[in-house]
Amino acid sequence: MTVTIAEELLLLAHDEAEGKQLIGGVQLDPALGGAILAELAAAGRVELADDKVTVTDPTPLGDAELDAALARMAEDGKTRKPAWWVQRLQSDKLRRRLLTRLAEAGVLAEERGRVLGVFPTTRWPEADPQVEADVRERVTAVLAGADPDERTATLIAIMHAAKLDRKAFPGADRKRVKEIAEGEWAGQAVAKTITAITAAIAATASTAAVVAATTT
């Protein structure tokens, strides 16, 4: 099946067998919002101009989540910084919708339970391991030295911004990850936009972590 960059990220962010998140929502949710934005950039729907994101083509892509985000940005009609849109697009509801969509497609299984018999919890183990296996194969090849395609490099850059690469690919060369995350692997306009988006993801996650720490 065809999955979005955000869904690829979500698969890598969960343990295959147990279906548990490898990173917290504070890091994962901004990464998912950023992945939606990055895919719109890669598809030529938005671009960065004067450090702000602009909708350049409102034509739908045929994916519900991507098209909803694009329509929201087009309707807003303003040029805004990438961090503003990462903040607006991210949410635990987005994460849940994407997980549910993967479960409905037979990629994940939804297993509900309770911790200590009281607190509800949901795990998302793999039902069809081939989808994530294909993603891992692409990423592993690039981390091992293969030239990255635009999609895989975008995924690696977003993982790096969310610090997911350390959990999903613990044996990866950190220097190679950084090289890809900061590299010229796409057209200049797209690369510039995605660099700004990944910076926004890291900043949003960092701010959210500080807020969470001061309120607990």
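Refer to the structure above for everything that follows.
First, a word on what this report is: a plain description of the structure on this page. Note on numbering: residues in each chain are counted from 1, in written sequence order. Residues qualify for local features only when their pLDDT is at least 70, as the model is predicted, and side-chain atom pairs are given and counted only at 80 or more; totals for whole chains, interfaces and linings, by contrast, use all residues. Side-chain numbers come from the whole structure's heavy atoms, not from hydrogens or water.

1. Re the overall build of the protein chain
Per the secondary structure count, the protein chain includes 10 helices and 4 strands. By the criteria applied, helices consist of DSSP H or I runs no shorter than four residues and strands consist of E runs no shorter than two, each listed in order from the N terminus. Ordered by position from the N terminus, the helices and strands of the protein chain form the series α-α-β-β-α-α-α-β-β-α-α-α-α-α. The globule rule puts the C-alpha radius of gyration for 216 residues at 17 Å, and the 17 Å found for the protein chain is close to it. Counting only C-alpha atoms and orienting by the principal axes, one finds that the protein chain spans roughly 55 × 40 × 40 Å. For the protein chain, with 216 residues in total, the buried portion stands at 43%. A total of about 10700 Å² of accessible surface is found on the protein chain, and carbon and sulfur atoms cover 52% of it. Charged-residue counts in this description rest on Lys and Arg as positive and Asp and Glu as negative, His and the chain ends being excluded. The location of each charge is read from NZ of Lys, CZ of Arg, CG of Asp or CD of Glu. Averaged over its 27 positive side-chain charges, the protein chain has a centre that lies 7 Å from the centre of its 33 negative ones. Put simply, the radius of gyration uses C-alpha atoms, and a globule should come to 2.2 Å times the residue count raised to 0.38. Here's how the labels work: a residue is buried when its accessible area is under 20% of the maximum for its type, exposed when over 50%, partly exposed in between, all with a 1.4 Å probe on protein chains only. Accessibility throughout is a Shrake-Rupley quantity obtained with a 1.4 Å probe, and a residue counts as covered only by protein chains that appear here.

2. Notes on the packing of helix H2 (residues 25–42) against helix H4 (residues 82–89)
A fitted line through C-alpha atoms represents every axis, and for helices the fit uses only the stretch in contact; the resulting angles, taken between N-to-C directions, go from 0 to 180 degrees. Contact geometry of H2 with H4 gives a least axis separation of 8 Å together with a crossing angle of 115 degrees. Crossing geometry of H2 relative to H4 is assigned as right-handed. Where H2 abuts H4, its residues Pro30, Gly33, Gly34, Ile36 and Leu37 lie against Pro82, Trp85, Val86 and Leu89. Considering only residue class, the contact of H2 with H4 consists of 7 nonpolar, 2 polar and no charged. Each helix crossing is assigned a hand: it is left-handed if the near helix lies turned anticlockwise from the far helix by less than a right angle, otherwise right-handed if that turn is clockwise. By definition in these notes, contact holds between two residues if any of their heavy atoms fall within 4.5 Å. Throughout, the ten residues Ala, Val, Leu, Ile, Met, Phe, Trp, Tyr, Cys and Pro are labelled nonpolar, Asp, Glu, Lys and Arg are labelled charged, and all others, Gly among them, are labelled polar.

3. Remarks on the side chain of glutamate 65
Within the fold, glutamate 65 resides in helix H3 (residues 64–76). In contact with glutamate 65, other than residues within four places in its own chain, are Ile36, Leu94, Arg97, Leu98 and Arg101.

4. Overview of the packing of aromatic side chains
Geometrically, a pair of aromatic rings is defined through the distance of the ring centres and the angle of the planes. What counts as a ring pair is set by centres within 6.5 Å for rings of Phe, Tyr and Trp (its six-membered ring), and what kind of pair is set by the plane angle: stacked under 30 degrees, edge-to-face over 60, tilted for all other angles. Taken as a whole and assessed by the stated rule, the structure comprises 1 aromatic pair. Their ring planes at 85 degrees and their centres at 4.8 Å tell us that tryptophan 84 and tryptophan 85 sit as a pair that is edge-to-face. According to the relative accessible area criterion, tryptophan 85 is buried, its value standing at 2%. Geometrically, a lysine NZ or arginine CZ counts as sitting over a ring once it is within 6 Å of the ring centre and also within 35 degrees of the ring normal. The cationic tip of arginine 80 hangs over the ring face of tryptophan 84; the distance from NZ or CZ to the ring centre is 3.9 Å.

5. Looking at the pattern of salt bridges
A carboxyl oxygen of Asp or Glu within 4 Å of a side-chain nitrogen of Lys or Arg is what we treat as a salt bridge. Across all of its chains, the model carries 17 salt bridges by this definition. Across the pair arginine 45 and aspartate 57 runs a salt bridge whose closest N-O atoms are separated by 3.8 Å. On the criterion of sequence distance, the pair formed by arginine 45 in the loop between H2 and strand S1 (46–49) and aspartate 57 in the loop between strand S2 (52–55) and H3 is long-range, its members being 12 residues apart. The network of salt bridges with common partners includes Glu8, Glu39, Arg138 and Arg151.

6. Focus: the nonpolar core
By size, the foremost hydrophobic cluster in this structure holds 61 residues, and its most contacted members are Leu9 and Met159. The leading source of residues in this core is H2, at 9 residues. Not counting residues within four places of it along the chain, the set of residues in contact with methionine 159 comprises Leu9, Leu12, Val139, Leu164, Asp165 and Phe169. We define a nonpolar core as any set of buried Ala, Val, Leu, Ile, Met, Phe, Trp, Tyr and Cys residues linked to one another through side-chain atoms lying within 4.5 Å.

7. Brief notes about helix H7 (residues 150–162)
One less than the number of residues in a helix, times 1.5 Å, gives the span that helix is expected to have. Helix length check: H7, at 13 residues, gives a terminal C-alpha distance of 19 Å against a target of 18 Å (1.5 Å per residue), a fit within 8%. Counting buried positions over the 13 residues of H7 gives 10, a clear majority of the element. Burial in H7 covers these residues: Thr152, Ala153, Thr154, Leu155, Ile156, Ala157, Ile158, Met159, Ala161 and Ala162. For this analysis, a polar contact is any N or O atom pair within 3.5 Å, provided that within protein one partner can donate a hydrogen and the other can accept it, and provided that sequence-adjacent residues contribute only side-chain to side-chain pairs. Measuring from the backbone nitrogen of arginine 151 back to the side-chain oxygen at the start of H7 gives 3.1 Å, which picks out aspartate 149 as the cap. Positive backbone phi, at 65 degrees, marks lysine 163, one or two positions downstream of H7.

8. Quick notes on the environment of alanine 105
Within the secondary structure layout, alanine 105 lies in the loop between helix H5 (92–104) and strand S3 (111–115). Expressed as a C-alpha distance, the spacing of alanine 105 and alanine 127, which sit 22 residues apart in the sequence, is 9.6 Å.

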